[in-house]
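If you want the building blocks of each chain, they are given just below.
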Amino acid sequence: MGRPNAGKSTLTNRLVGTKVAITSSKPQTTRHAIRGIVHRPDAQLIIVDTPGLHRPRTLLGRRLNDLVYETWSEVDVVGFCVPADEKVGPGDRFIAEQLKKVARRTPVVGIVTKTDLVPKQQVAEQLLALQEVMDFAELIPVSAKDSFQVDELSDVLVSQLPEGPQLYPDGELTDEPESTLIAELIREAALEGVRDELPHSLAVTVEEMTTREGRDDLIDVHALIYVERSSQKAIVIGRGGERLRTVGSQARRQIQALLGSKIYLDLHVKIAKDWQRDPRQLRKLGF
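This is a predicted model, so every value here is computed, not measured.

Conventions used here
- Residues numbered from 1 in each chain as written.
- Predicted model: local features only at pLDDT ≥ 70, side-chain atom pairs only at ≥ 80, totals over all residues.
- Heavy atoms only, no water.
- Helix = DSSP H or I, 4+ residues; strand = E, 2+ residues; numbered from the N terminus.
- Buried < 20%, exposed > 50% of the residue type's maximum accessible area, 1.4 Å probe, protein only.
- Contact = heavy atoms within 4.5 Å.
- Areas by Shrake-Rupley, 256 points an atom, 1.4 Å probe, with all protein chains shown as cover.
- Lys, Arg positive; Asp, Glu negative; His and termini not counted.
- Charge placed at Lys NZ, Arg CZ, Asp CG, Glu CD.
- 1 Å grid on protein atoms, 1.4 Å probe; cavity = no way out; pocket = protein on both sides within 12 Å on 5 of 7 lines; lining within 4 Å.
- Points joined across faces, edges and corners; volume = space filled by probe spheres on them.
- Core = buried A, V, L, I, M, F, W, Y, C linked by side-chain atoms within 4.5 Å.
- Axes fitted to C-alpha atoms, helices over the stretch in contact; angles between N-to-C directions.
- Parallel < 35°, antiparallel > 145°, perpendicular 65-115°, else oblique.
- Nonpolar A, V, L, I, M, F, W, Y, C, P; charged D, E, K, R; others polar.
- Pairing = 2+ DSSP bridges.
- Phe/Tyr/Trp six-rings, centres within 6.5 Å; stacked < 30°, edge-to-face > 60°.

**Q** Report on the overall build of the protein chain, specifying residues and quantitative values.
**A** Counting its secondary structure elements, the protein chain contains nine helices and eight strands. Buried positions account for 51% of the 287 residues belonging to the protein chain. Across the protein chain, the fraction of contacts at a sequence separation of at least 24, relative to all contacts at a separation of at least 6, is 68%. Here the protein chain has roughly 14,600 Å² of accessible surface; of this, 47% comes from carbon and sulfur atoms. Of the charged side chains in the protein chain, 39 are positive and 41 negative; the average position of the first set lies 9 Å away from that of the second.

**Q** Can you break down the layout of surface pockets residue by residue, with the values?
**A** Considered as a void within the structure, the largest pocket measures approximately 920 Å³ in volume. Taken together, 36 residues form the lining of the largest pocket, with Leu45, Ile46, Ile47, Asp76 and Leu161 sitting closest to its centre. Contributing elements (two or more residues each) for the lining of the largest pocket: α1 (8–16), β2 (44–49), α2 (59–72), β3 (78–83) and α5 (150–159). When residues of the lining of the largest pocket are assigned to their parent elements, the largest contribution, six residues, is made by β2.

**Q** Go over the environment of Ser154, please, and point to the residues and values.
**A** Along the polypeptide, Ser154 turns up in helix α5. Judged by its relative accessible area of 6%, Ser154 falls in the buried class. Residues Ser154 and Arg40, 114 residues apart in the sequence, show an inter-C-alpha distance of 9.5 Å. Here Ser154 is in contact with Leu15, Val38, Arg40 and Leu45, once residues within four sequence places are set aside.

**Q** Run through the nonpolar core, naming residues and quoting values.
**A** Counting residues in each nonpolar core, the largest one holds 25 residues, and the members touching the most others are Ile186, Ile225, Ile255, Leu265 and Leu267. When residues of this core are traced back to their parent elements, those giving at least two are α6 (178–191), β6 (203–211), β7 (218–227), α8 (242–259) and β8 (262–271). Of all the elements, α6 adds the most residues to this core, at seven residues.

**Q** Please give an account of the packing of helix α7 (residues 230–237) against α8 that cites residues and values.
**A** The N-to-C vectors of α7 and α8 enclose an angle of 60°; their axes lie 5 Å apart at closest approach. Classified by the angle their axes make, α7 and α8 are oblique. Note on element contacts: α8 touches α7 through Glu242, Arg243 and Leu244, opposite Ile235, Val236 and Ile237. When the residues that make up the contact of α7 with α8 are grouped by side-chain class, the tally is four nonpolar, no polar and two charged.

**Q** So what's going on with the pairing of β6? Which residues, and what values?
**A** The side chains of a regular strand alternate, first on one face of the sheet and then on the other. For β6 and β7, the ladder comprises eight bridges, and the chain directions are antiparallel. Of the residues in β7, the one forming a bridge with Thr210 is Asp220. A loop of six residues connects β6 with β7, the two strands running antiparallel in sequence, and Gly214 in this loop sits at a positive phi of about 80°.

**Q** Lay out α5 in plain terms, naming residues and giving numbers.
**A** Buried within α5 are the following residues: Val150, Leu153, Ser154, Val156, Leu157 and Val158. On its buried face, α5 sits against α1, β1 (34–39), β2, β4 (108–113) and β5 (138–141).

**Q** A description of the sheet that holds β8 should follow, citing residues and the corresponding values.
**A** Spatially, the three strands line up as an open sheet ordered β6-β7-β8, and their pairing is mixed. Strands with a single pairing partner mark the edges of an open sheet, and in this sheet they are β6 and β8. Each adjacent strand pair in this sheet contributes to an overall mean axis angle of 20°, direction not counted. As paired strands, β7 and β8 are joined by ten bridges and run parallel to one another. Bridging from a neighbouring strand, Ala223 pairs with Leu267 of β8. Of the strands in this sheet, β7 and β8 touch α7, which is tilted by about 155° from β8. Strands β7 and β8 of the sheet are contacted by α8, whose axis makes an angle of about 135° with β8.

**Q** Outline the packing of aromatic side chains, listing residues and values.
**A** Where two aromatic rings form a pair, the distance of their centres and the angle of their planes describe that pair. Taken as a whole and judged by the stated rule, the model has two aromatic pairs. Relative to Trp72, the ring of Tyr69 has its centre 5.2 Å away and its plane inclined at 90°; by these criteria the two rings are edge-to-face. Here Tyr69 pairs with Trp72, and both are found in helix α2, just three residues apart, close to one helical turn. Residue Trp72 is classed as buried on the basis of its relative accessible area of 5%.

Taken by themselves, the reported measurements are silent on function.
In structure tokens:
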């Protein structure tokens, strides 16, 4: 866990060895507690990638924060991610204060992420700065991009786990339903290249997914992209539908890789006015 855009999802994907969480340069991309499963000869490590803890401005934001706190109560070890390229700030200190309550019963590992972006001296300074924030069970710098110390981080996390039975079958990499993963891949494609105010207004649902009659090699996927205003709908669709076609082709490639099958992807954009603040619409969209 960590504040928005601390590199949590990229690190989760690197630890698991495949893409289970969508990533974006925009903060607050993660909206679910995504579970990725790491299979090792000596252990099974279930990584729970949570949304970034932040000061909420909407009902959606409050629900995402609640999800983070709920996850803390269920896990055996917490990895607190702080990026190497940004000074330890008020957001990090706020999270540390919350984590001190958890640390009495659950070990907290400090993880300095994105070390590939800064010189070694800056990484060392960040580690020292983080030591001042709270008392960690372990402190480790990593780079998901370069795979620097990712295996070592896996060792550190496993060393903090209790012994227990295997929770997932060999080869299973996530317990997310396919429809959820597909919706997330579509949202990731839609997030790329849109204006800064749009990411939080985007939601995606998969309405139907069926094998084409008479075609075992083709799956029809019908999905809706929700926005909050007509001006946002115009941005997502683009001039003459060009932007939506690009989103569709990018998402289709990712979905085909996920499912191992050809995909016909039918995308439509729908307005759900102020859905981030509406409890009824939030429930409908799965929050």
